[in-house]
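In case you want the letters, here they are:
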Amino acid sequence: MWAPRKQSGFTIVELLIVIVVIAILAAITIVAYTGIQDRAKASAMVSEVNQVVKKLEAYKVQNNDVYPTNLGSADIVESAGYSYNYTPAPNYTGYSFDLQDGAKNYFATSGNTTPTEGSGNGLVAWWPYDGSVTEAVAGLQSTLYGATPTNGQNGDTNGAYSFNGNNNRIDSPGIPPIVLNNAVRDYTFSFWYNASHTGNSDVRFILSRRTSDGSSSTDYIFFIYSGYLTFGTGSGNDCSWPDSSASTNRVPEPSRNTWHHVVGTISPTSSTAGQKTVWVDGQKITDCTYSGKSTAGSADLHVGTRYSTGSGANYFQGSLDDLRMYNRVLTDQEIESLFSIGAQ
């Protein structure tokens, strides 16, 4: 007699292996497809920014070296799906343009027309520090005193400036749009720094706009002292000048000899009071209400020192990169994105 034929098939283990392999292949396909979509979106945005820049520059040539008051004046038609943000400099001698698609932004400026990833919405002053101290939006004429080009936060050669902690600084004129004083308008500061000094007893000024040595004559200031990073805007309360040992708004100094991203925001409710935040490396460290906002007249902006004269202990030692100022408070998502993208 013939023996009955045994039925063959997949075992449970074999079926599970097949299911896992199919799932892995599907995941790889989805990731690859998403990457292709993201690259296509970025390419389309870069192309659109380039087209806008061409029309803005053409308008300038035809209109006595000034840029338009708005995009429509340059015959720029906004495409559906994008958000267009144009910020002209005072007297229309420069501009920043930002294109947004969802959470993605690209921007260009009159001084740097190459499309750059990150938010440029409301950008009123920008020092990329890529081998030059030229300001790239308003055309502010900055003056270099000794600081030397060095590798930037993103590794680019000559992508930042190195300060020796003794007599190096970069000065810019104290004129709009970098003057706050008692104006009731939102503002954001953003920069990358890498401090290399030793000890905690010296005051190291990263940037400063003030007329004399004191919180009551300071428009805004960032400095390192006694293990803390201070963002000062006046003498009204602990939020305005958080450097006392009892302060609840002090920001612990980030580690030295490595790059850190710092953002400070101001949102006034009056000429002397409002809300202030400090972010370090994409994390909000303080959020407080300040009072007693001070002024500094038309004092220059000094990067790397407290002001143009002073003892060596007040000079910053280390590297600085990608200093920006915006005429609005950036969103949490924008600040986090600036950190994740890195210095430009």
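Owing to the predicted nature of the structure, the values given are computational and were not obtained by experimental measurement. (Residues numbered from 1 in each chain as written. Predicted model: local features only at pLDDT ≥ 70, side-chain atom pairs only at ≥ 80, totals over all residues. Heavy atoms only, no water.)

### Some words on empty space enclosed by the protein
Put simply, the test is: Definitions used throughout: a 1 Å grid over protein atoms alone; a cavity as a set of points that fits a 1.4 Å probe which cannot get out; a pocket as an open set with protein on both sides within 12 Å along at least five of seven lines; a lining residue as one with an atom within 4 Å of a point. Grid points are joined across faces, edges and corners, and a volume is the space filled by probe spheres set on the points. Counting from the N terminus, the helices are the DSSP runs of H or I reaching at least four residues and the strands are the DSSP runs of E reaching at least two.
Evaluation of the coordinates by the stated rule reveals 4 cavities of 30 Å³ or more. Here the largest cavity defines a volume of roughly 60 Å³. Around the largest cavity, the lining residues are Leu229, Phe231, Cys239, Pro242, Asn249, Val251, Lys276, Thr277, Val278, Thr286 and Cys288. Elements with a contribution of two residues or more to the lining of the largest cavity: β13 (228-232), β16 (274-280) and β17 (283-290). With 3 residues, the top contributor of residues to the lining of the largest cavity is β16. Reported here for the second largest cavity is a volume of approximately 50 Å³. Around the second largest cavity, the lining residues are Leu180, Asn181, Ala183, Arg185, Ile266, Pro268, Ser270, Ser271, Tyr290 and Lys293.

### Overview of a nonpolar patch on the surface
Let me state the cut-off plainly: Patch construction takes residues with relative accessible area above 30% that form no salt bridge. Like charges are linked within 9 Å, and nonpolar side chains (Val, Leu, Ile, Met, Phe, Trp, Tyr) are linked within 5 Å. Computed by Shrake-Rupley with a 1.4 Å probe, the accessible areas treat only the displayed protein chains as cover when residues are assessed. Within this document, salt bridges are pairs made up of a side-chain nitrogen of Lys or Arg and a carboxyl oxygen of Asp or Glu, the two lying within 4 Å of each other.
On the surface, a nonpolar cluster with roughly 640 Å² of combined accessible area is contributed by Val13, Ile17, Val20, Val21, Ile24, Leu25 and Ile28. Among the structural elements, Leu25 can be located in helix α1 (residues 12-62).

### Quick word on the pattern of salt bridges
What counts, and what does not: The cut-offs for exposure are 20% and 50% of the maximum accessible area for each residue type, with area from a 1.4 Å probe on protein chains only; residues under the lower value are buried, those over the upper are exposed, and the others partly exposed.
Inspection of every chain in the model, using the stated rule, returns 11 salt bridges. For Arg169, the salt bridge goes to Asp171, with nearest N and O atoms at 2.9 Å. This pair shows no difference in class: Arg169 is buried, exactly as Asp171 is. The closest approach of N and O atoms between Arg256 and Glu253, which form a salt bridge, is 2.6 Å. Under the relative-accessibility criterion, Glu253 is labelled buried at 15%. Among the charged side chains, a salt-bridge network with shared partners connects Arg209, Asp219 and Lys293.

### Brief notes about unusual backbone geometry
Between Pro176 and the following residue, Pro177, the backbone shows a cis peptide bond with an omega angle of 15 degrees. Here Pro177 shows up in the loop between β9 (169-172) and β10 (187-195). Notably, Asn64 is not glycine yet its phi reads approximately 55 degrees, a positive angle. Structurally, the position occupied by Asn64 is in the loop between α1 and β1 (83-88). Of note, Asn91 is a non-glycine position whose phi angle comes to about 65 degrees, a positive value. The class for Asn91 is exposed, based on a relative accessible area of 65%.

### Focus on the layout of surface pockets
Heads up, the condition is: Amino acids are sorted into nonpolar (Ala, Val, Leu, Ile, Met, Phe, Trp, Tyr, Cys and Pro), charged (Asp, Glu, Lys and Arg) and polar (every other residue, Gly among them).
By volume, the largest pocket is sized at about 160 Å³. Lining the largest pocket are 13 residues, with Ala103, Lys104, Asn105, Glu334 and Ser337 positioned closest to its centre. Put simply, the parts of the chain that give the lining of the largest pocket at least two residues each are β3 (104-109) and α2 (332-341). Among the elements that take part in the lining of the largest pocket, α2 stands out by supplying 4 residues, more than any other. Partitioning the lining of the largest pocket into residue classes produces 2 nonpolar, 8 polar and 3 charged.

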